[in-house]
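# Summary of the model geometry
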Amino acid sequence: MAKRTEVMEDMYDLSSVLDFDALSEVRPGSSILISGPAMTGKQRLAYDILADGARDGDGTVVVTTGDDATDVVAEFRERVPELEESQLGVVDCRREGGSDNSSVDGAYVHQVSSPGDLTGIGIGITKTLEGLHNSGRDRGRLALVSLSTMLTYTDKKTVFKFCHVLSSRLDAADYIGVFTIDSGAHDQQTIQVIKQAFDGLIEVRDADGGGRESRVLGFSGEPTDWKRI
Amino acid sequence: MSESDPPVVLIVEDEPDVAETYKLWLEGDYEVRMAQNGDEGLELLDDTVDVVLLDRMMPGLSGDEVLSRIRERELGCRVAMVTAVEPDFDILEMGFDAYLSKPIRSEQLHDTVSNLLERSEYDSLLQDYYALVEKRATLEATKSNAELADSEEYADLKEQVAEMREGLSDTLGGIEDDDDFIATLRGLSNGEEN
């Protein structure tokens, strides 16, 4: 919940990933929802935001309900060749039947039994943040992909509260968070509820005549215009 | 718990001297109940109890067993484990809300109890906050932008949501602490969402 007003804080610049002025100075502690229909590149956008920060040395945390941790680590290693040891942590929520920690190719991996195990996810995030902090990283970016999967395991009230509490925790750590949701998979009211847990919203959709477009809401009053990405 | 009633602390401890000491320290600020073992503790436990201080090593039912019975009964109380050895991080994974290692000082005990009460306060604020958020979402999902712009109810609601959000970030220092973070998440999964 970005609410601090100090001007000295180092802002996060996301405009090199998505070219909007509203994203050029994102305050530490902000949480952003990336919303759009299926197959519009939401996860790719979230990973782009993390990879861009990782290149500048930001800590990187991925909470995944869909991809295997090994694949996430491999993808970030490939996209960010300069990725250092203990710069990346993955909380993999697909480990059916148990929790476990391990190290995969220099990245910290925490396994959680299910996307509905909020305590387990919280412990994974805590341990990951602790590891990053201990290796001297005081800023970083967390992606949670995706809230839609979590919503199939638990109700919107619980997911909303989870997002609120996690955003508060990220605020205390001076991190930013990006969370994805499939806008076509839930009713309008659910989307309106979940949106309110975030400081800002990036909407993506298919553009007329192919390709995709995006707009940003919530950071500076009025929504931006749709822009091709 | 009404405004005037002090919060209730239940001490479950098999050593009478130790239990008496905790009681002395706490009784000025809280209503204190005492149980000498796990079975008695479970008997004295009802929905008026806010915080349980639970000794881990007791004859009869162990602290761990008492904890799981408490969680099964879905009581809203917070449970601090009192232990002779310093536990590791796994204490949170076991489902306790806090731990205290013996010997305990008066100040520590007070800090722990008040932190646990603040967590309960946070949970209930978060619940109230959600109720407002849901109301707002319903309006947003059912009314047009023009209707919303004209609606006094909607304007009030937006203001209340913002105020409540501010209030939440002032409680528990806005979840700065890892233990607060995990315990709050556990509260969400413990079926308190009604």
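Note that this is a predicted model, so its numbers are computed, not measured. (Residues numbered from 1 in each chain as written. Chains lettered and ligands numbered in written order. Predicted model: local features only at pLDDT ≥ 70, side-chain atom pairs only at ≥ 80, totals over all residues. Heavy atoms only, no water.)

## Points about the packing of helix α1 (residues 42-55) of chain A against helix α2 (residues 69-79) of chain A
Residues and elements named next belong to chain A. We apply this condition: The axes are straight lines fitted to the C-alpha atoms, using for helices just the contacting stretch, and the angles between their N-to-C directions are given from 0 to 180°. For the purposes of this entry, the term helix denotes a DSSP run of H or I that reaches at least four residues, the term strand denotes a run of E that reaches at least two, and both are numbered from the N terminus. By definition in this entry, angles of less than 35 degrees are roughly parallel, angles greater than 145 are roughly antiparallel, angles of 65 to 115 are roughly perpendicular, and the rest are oblique. Handedness of a crossing is defined here by the sense of rotation of the near helix relative to the far one, left-handed for an anticlockwise turn of less than a right angle and right-handed for a clockwise turn. When checking whether two residues touch, look at their non-hydrogen atoms; a contact exists if any pair is within 4.5 Å. Here the nonpolar group is Ala, Val, Leu, Ile, Met, Phe, Trp, Tyr, Cys and Pro; Asp, Glu, Lys and Arg are the charged ones; every other residue, Gly included, is treated as polar.
Remark: α1 packs on α2, axes separated minimally by 10 Å, with the N-to-C direction vectors making an angle of 55°. Classified by the interaxial angle, the pair formed by α1 and α2 is oblique. The two elements α1 and α2 cross, and the hand of that crossing is right-handed. Counted together, Tyr47, Asp48, Leu50, Ala51 and Arg55 of α1 and Val72, Glu75, Phe76 and Arg79 of α2 form the full contact between these two elements. Among the residues making up the contact of α1 with α2, the classes are represented as five nonpolar, no polar and four charged.

## Topic: the domain arrangement of chain B
All names here are of chain B. Here is the rule: The domain boundaries here were taken from an automatic or database domain assignment. Throughout this description, the term salt bridge denotes a Lys or Arg side-chain nitrogen within 4 Å of a carboxyl oxygen of Asp or Glu. Under the rule applied, a polar contact is a pair of N or O atoms within 3.5 Å (in protein, one hydrogen donor and one hydrogen acceptor; residues adjacent in sequence only if both atoms are side-chain atoms).
Domain annotation for chain B reports domain 1 (8-115) and domain 2 (118-189). A C-alpha centroid distance of 31 Å is found between domain 1 and domain 2. Asp97 is the partner of Arg186 in a salt bridge, and the nearest nitrogen-oxygen pair spans 3.6 Å. Our enumeration of links across domain 1 and domain 2 arrives at seven residue pairs in polar contact (both at pLDDT 80 or more). Contributions of two or more residues to the side of domain 1 that touches domain 2 are made by α4 (90-94) and α5 (106-142). Considering only residue class, the side of domain 1 that touches domain 2 consists of two nonpolar, three polar and three charged.

## A short note on the pairing of strand β2 (residues 59-64) of chain A
All names here are of chain A. Going by this rule: Accessibility here uses a 1.4 Å probe with only protein chains present; expressed as a share of the type maximum, an area under 20% marks a residue as buried, one over 50% as exposed, and anything in between as partly exposed. Paired strands, as defined in this entry, are two strands with at least two bridges between them according to DSSP. We call a crossover right-handed when, viewed with the strands running away from us, the connection from the first strand over the helix to the second turns clockwise.
For β2, the buried fraction is high: six of the six residues fall into the buried class. Burial along β2 is two-sided: the face carrying Gly59, Val61 and Val63 and the face carrying Thr60, Val62 and Thr64 are both buried. Sheet analysis places β2 next to strand β6 (residues 140-145), joined by six bridges and oriented parallel. When the sheet's bridge partners are listed, Thr64 is paired in β6 with Val145. Pairing between β2 and strand β3 (residues 88-92): five bridges, direction parallel. What sits directly across from Thr64, in β3, is Asp92. Assessed by its sense of winding, the connection that carries the chain from β2 through α2 to β3 is right-handed.

## A word on the packing of aromatic side chains
Quick note on the threshold: The aromatic pairing rule takes the rings of Phe, Tyr and Trp, using the six-membered ring of Trp, and pairs them if the centres are within 6.5 Å, calling planes under 30 degrees apart stacked, those over 60 edge-to-face and the rest tilted. Cation placement over rings: the criterion is NZ of Lys or CZ of Arg within 6 Å of the ring centroid and within 35° of the ring normal.
Here the structure, examined in full by the defined rule, presents five aromatic pairs over all chains. Residues Phe160(A) and Tyr129(B) carry aromatic rings whose centres are separated by 5.7 Å and whose planes lie at 45° to one another, so their mutual orientation is tilted. Here Phe160(A) is found in helix α5 (residues 156-172), whereas its partner Tyr129(B) is found in helix α5 on a different chain. For the pair formed by Phe160(A) and Tyr129(B), the shared burial category is buried. Relative to Trp25(B), the ring of Tyr22(B) lies with its centre 6.3 Å away and its plane at 35°, an arrangement referred to as tilted. Remark: Trp25(B) and Tyr22(B) occur in helix α1 (residues 16-26); sequence separation between them is three residues, near one turn of the helix. Counting every residue linked through ring pairs, the aromatic cluster contains Phe160(A), Tyr129(B) and Tyr130(B). Positioned above the aromatic ring of Tyr12(A) is the side chain of Arg139(A), whose terminal nitrogen or guanidinium carbon lies 3.9 Å from the ring centre. Over the ring of Phe20(A) we find Lys227(A), and its NZ or CZ is 4.7 Å from the ring centre.

## Points about the nonpolar core
Note the following rule: We call a set of buried Ala, Val, Leu, Ile, Met, Phe, Trp, Tyr and Cys residues a nonpolar core when their side-chain atoms join them within 4.5 Å.
Judged by nonpolar contacts, the single largest core of 56 residues is most densely connected at Leu142(A), Leu144(A), Leu147(A), Phe162(A), Leu166(A), Phe179(A) and Ile194(A). If one sorts the elements of this core by residue count, α5(B) sits on top with nine residues. In this view, Leu144(A) contacts Val63(A), Met150(A), Phe162(A), Leu166(A), Val178(A), Phe179(A) and Thr180(A); residues no more than four positions away in its chain are not counted. Membership of the second largest hydrophobic core comes to 34 residues, among which are Val26(A), Val73(A), Val90(A) and Val178(A).

## Brief notes about the packing of helix α6 (residues 188-195) of chain A against α5(B)
Helix-helix packing: each pair is described by the crossing angle between the helix axes and the interaxial distance. The interhelical angle for the contact between α6(A) and α5(B), taken along N-to-C directions, is 130°, at an axis separation of 8 Å. By the criterion of interaxial angle, the relationship of α6(A) to α5(B) is oblique. With respect to the hand of their crossing, α6(A) and α5(B) are arranged in right-handed fashion. Contact residues: Gln188(A), Gln189(A), Gln192(A) and Val193(A) in α6(A); Tyr130(B), Val133(B), Glu134(B), Ala137(B), Thr138(B), Glu140(B) and Ala141(B) in α5(B). Broken down by class, the residue content of the contact of α6(A) with α5(B) amounts to five nonpolar, four polar and two charged.

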